[in-house]
Amino acid sequence: MTSVRYRAALPSTLRIVPLDALTLIYHRASGITHIVDAPVPEILEALDDEALTSAALLDRLAEQFELGDPDPMALVVRLDELVAAGLVERLCGM
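Residues numbered from 1 in each chain as written. Predicted model: local features only at pLDDT ≥ 70, side-chain atom pairs only at ≥ 80, totals over all residues. Heavy atoms only, no water.

### Looking at the pattern of salt bridges
A full pass over the atoms with the stated rule returns five salt bridges. The shortest N-O distance in the salt bridge between Arg60 and Asp49 comes to 3.3 Å. Placement of the pair is Arg60 in helix α2 (residues 54–64) and Asp49 in the loop between α1 (40–46) and α2, with a sequence separation of eleven residues. The exposure class of Asp49 is exposed, given its relative accessible area of 60%. Among the salt bridges present, the one from Asp80 reaches Arg90, with a minimum N-O distance of 2.7 Å. With Asp80 in helix α3 (residues 72–85) and Arg90 in strand β5 (residues 88–92), this pair connects stretches of sequence that are ten residues apart. The exposure class of Asp80 is partly exposed, given its relative accessible area of 31%. Judged by its relative accessible area of 38%, Arg90 falls in the partly exposed class. What you see here is one network of salt bridges that share partners, running through Asp49, Glu50 and Arg60. (Salt bridge = Lys/Arg side-chain N within 4 Å of Asp/Glu carboxyl O. Helix = DSSP H or I, 4+ residues; strand = E, 2+ residues; numbered from the N terminus. Buried < 20%, exposed > 50% of the residue type's maximum accessible area, 1.4 Å probe, protein only.)

Here it is as structure tokens:
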């Protein structure tokens, strides 16, 4: 079984600007500006320095934030959305 890990897109490809409760993320590679809310900025920050499995990412987020009832499948769905947007990379077999 391969271990799927995720990592944020390279910092040089993203311009992240907090704007009140929302965050604007300009993705240089696609030319698209994404308007996101929590937990997207927190996910990108947690993945900034290393590739993590979804379970390890959920553990890291749970350490940093008070997650009442963390949902592993909801995180995987969110990660898949971020992969489709080009903001996160999926790495298989690492």
